[in-house]
Structures are given as structure tokens and as C-alpha cells.
Amino acid sequence: MNDDGRTDTGRWAPGERILWRYRANGGDGFHICRPVTVVEDSAELLAVWLAPGTECVKPVLADGTPLHREPLATRYTKPRRLERDRWLGTGVLKLARPDEPWSVWLFWEQGWRFRNWYVNLEQPRTRWSGGVDSEDHYLDLSVYPDRSWRWHDEDEFAQARAVGLMSAEQAASVREAGRRAVGVIEAWGRPFPDDWPAWRPDPAWPVPALPADWDRTPAHVSS
């Protein structure tokens, strides 16, 4: 294993802690950072665990108002700041296949009763020594154990386009990515038939810490 936690193949070892970050839409720098633990890192899949209680970075309005409480008309135009907060709930397993413009998240209720998958449309992730970086594309889908699904945040997607956070070309590309994701869902392609809902984190894993330089610029990135 190398000093940065990766194996000699350039992959992270299970149990290694990395950062999962999102760049600010239409701006500079990062506005979301979540320390996570590596579950699997192969040529086919990166799987990470976001543990309950993890300290994360998220955007809020300048006065501290959570974004989801601000009316949609001004949600993307009012000044913002970054805030540190703890991840609530039962934790999230994130699955990402190379070059796919989405990641798939698994959610559970208390007692490990599986609730649903969540397809987060995003820019294909770039890898660096400390984690992966992406940009969220607003539009998402929920997928349920009975194989039904539904769109999420279509209003936010439209508003982001209206205020200039996405070009017409980018919006069309995201819509096409969404249609591709729906095709995978309806064909019940991976990762949906895999046994990930039965997966459980190693109880010995500590909750990853949020480093002081969480927003550092990577010296080198790769896909």
C-alpha cells in the first residue's frame, strides 16, 4: 500500500477513508464534502460508506437557512455560505461505476430495513489521491424494491437552467443521462440485482474525520 492509502494498483483498500466532494454549480471551489469509508474499489465499481454522525460540509443561505426551506424562485440566487454539520439518519452506501454520469445510493430505515435506491445524476467522478470529485446535476430518481421508480427534483432542474447554472446543452446531456439511467432501471441492470441491500458496514470502522484542508486542490486527477 502507498503512503496515500492506495494499493500498488492505484486502488483504495477496503476500510480506507477518502473524501466524496461536489463542486459548486456555476461557481468555483467545492460546496459539498463527505468523508467516507471505502467498501470496494475495483475497475468496475467504487463503493463507499457514509456513516451516521460523519461531519460534512454543505451549503446554506448566508443567514443559515437550509436550502430546501428557501422558495425555489430565490434558492439559487441568494448569497450562500458553507456550514459544517453531522450526517443524520442510518448512513448511506454509495455505488459509482467508472464514467457513468450518476451514482447509486442505498438507504435503510432503522433496524436495517432496506428502503430504496437513489440515482444521483452527476458529472462522472474524477479520482485523486484523497477521494473523488464531481458536480451534482439536480435531477435524480428513486428506485424501490418492487422495481418501481420516480423522478425527483425536476423543478430544481428547471430552475437551475432558468437562472443560468446550466446551459441548454448541458441540460440536454443531463436529460439524456437520466433516460439512460431509466433504461438500466427498467432492464434491472447493475447494481440493482446485486446483493447490496444485505450489505453491512464493518462495526470496527471508525467514523471518518473531516480534515481541515477538505477543500484542497488535487495535484493530479484521473477518471
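Further up the page is the structure itself.
First, a word on scope: everything that follows refers to the structure included in this document. (Residues numbered from 1 in each chain as written. Predicted model: local features only at pLDDT ≥ 70, side-chain atom pairs only at ≥ 80, totals over all residues. Heavy atoms only, no water.)

## A few points about the pairing of strand S2 (residues 30-41)
To keep it simple, the criterion reads: Each residue is placed in one exposure class: buried if its accessible area under a 1.4 Å probe, protein chains only, is under 20% of its type's maximum, exposed if it is over 50%, and partly exposed if it falls in between. Comment: elements are numbered from the N terminus, with helices defined as DSSP H or I runs of at least four residues and strands as E runs of at least two. Pairing between strands is defined by DSSP: at least two bridges between the two strands are required.
Most of S2 is tucked away, with eleven of its twelve residues classed as buried. Counting the residues between successive antiparallel strands, the hairpin from strand S1 (residues 17-23) to S2 contains six residues, one of them, Gly26, with a positive phi of roughly 70 degrees. Connecting the antiparallel pair S2 and strand S3 (residues 46-50) is a turn made up of four residues.

## With respect to the pairing of S1
Burial analysis of S1 places five of its seven residues in the buried class, which makes it a mostly covered element. With seven bridges connecting them, S1 and S2 associate as antiparallel partners. Counterpart to Leu19 in the pairing with S2 is Pro35. Bridge analysis of S1 against strand S10 (residues 131-134) gives four bridges, and the strand direction is parallel.

## Structural notes on the nonpolar core
Selection criterion: As used in this record, nonpolar core signifies buried Ala, Val, Leu, Ile, Met, Phe, Trp, Tyr and Cys residues forming a set joined through side-chain atoms within 4.5 Å. Note on contacts: a residue pair is in contact if any heavy atoms of the two residues lie within 4.5 Å.
Ranked by size, the top nonpolar core spans 33 residues in total, and within it Leu93, Leu106, Trp117, Val119, Phe192 and Trp196 carry the most contacts. Those elements giving two or more residues to this core turn out to be S3, strand S6 (92-96), strand S7 (102-108), strand S8 (114-122), strand S11 (136-143), helix H2 (154-162) and helix H3 (168-186). Per-element accounting of this core gives the leading share, six residues, to H3. Contacts of Phe192, omitting those with residues within four sequence positions, involve Val104, Trp117, Val119, Val143, Val184 and Ile185. By size, the runner-up hydrophobic cluster in this structure holds 17 residues, among which are Val38, Leu46, Phe107 and Tyr118.

## Remarks on the packing of aromatic side chains
So the rule is basically this: Each Phe, Tyr or Trp ring (for Trp, its six-membered ring) is paired with any other whose centre lies within 6.5 Å, and the angle between the two planes then decides the class: stacked below 30 degrees, edge-to-face above 60, tilted in between. To sit over a ring, a charge needs its Lys NZ or Arg CZ within 6 Å of the ring centre and within 35 degrees of the ring normal.
In total, this model carries 14 aromatic pairs according to the counting rule given. Both rings, one in Tyr76 and one in Tyr138, keep their centres 5.5 Å apart while their planes meet at 80 degrees; by these two values the pair is edge-to-face. Taken together, the residues Tyr76 in the loop between helix H1 (72-75) and strand S5 (80-86) and Tyr138 in strand S11 connect sequence positions 62 residues apart. The same class applies to Tyr76 as to Tyr138, namely buried. Taken together, the ring pairs in this structure connect Trp49, Trp108, Trp112, Phe114, Trp117, Trp188, Phe192, Trp199 and Trp205 into an aromatic cluster. Positioned above the aromatic ring of Trp105 is the side chain of Lys94, whose terminal nitrogen or guanidinium carbon lies 4.1 Å from the ring centre. Arg175 extends its terminal NZ or CZ atom over the ring of Trp151, reaching a point 5.8 Å from the ring centre.

## A short note on unusual backbone geometry
Residue Pro191 is bonded to the preceding Arg190 through a cis peptide linkage, with omega at 15 degrees. Structurally, Pro191 can be placed in the segment after H3. Despite not being glycine, Asp153 has its phi angle at roughly 60 degrees, a positive value. On the secondary structure map, Asp153 appears in the loop between strand S12 (149-152) and H2.

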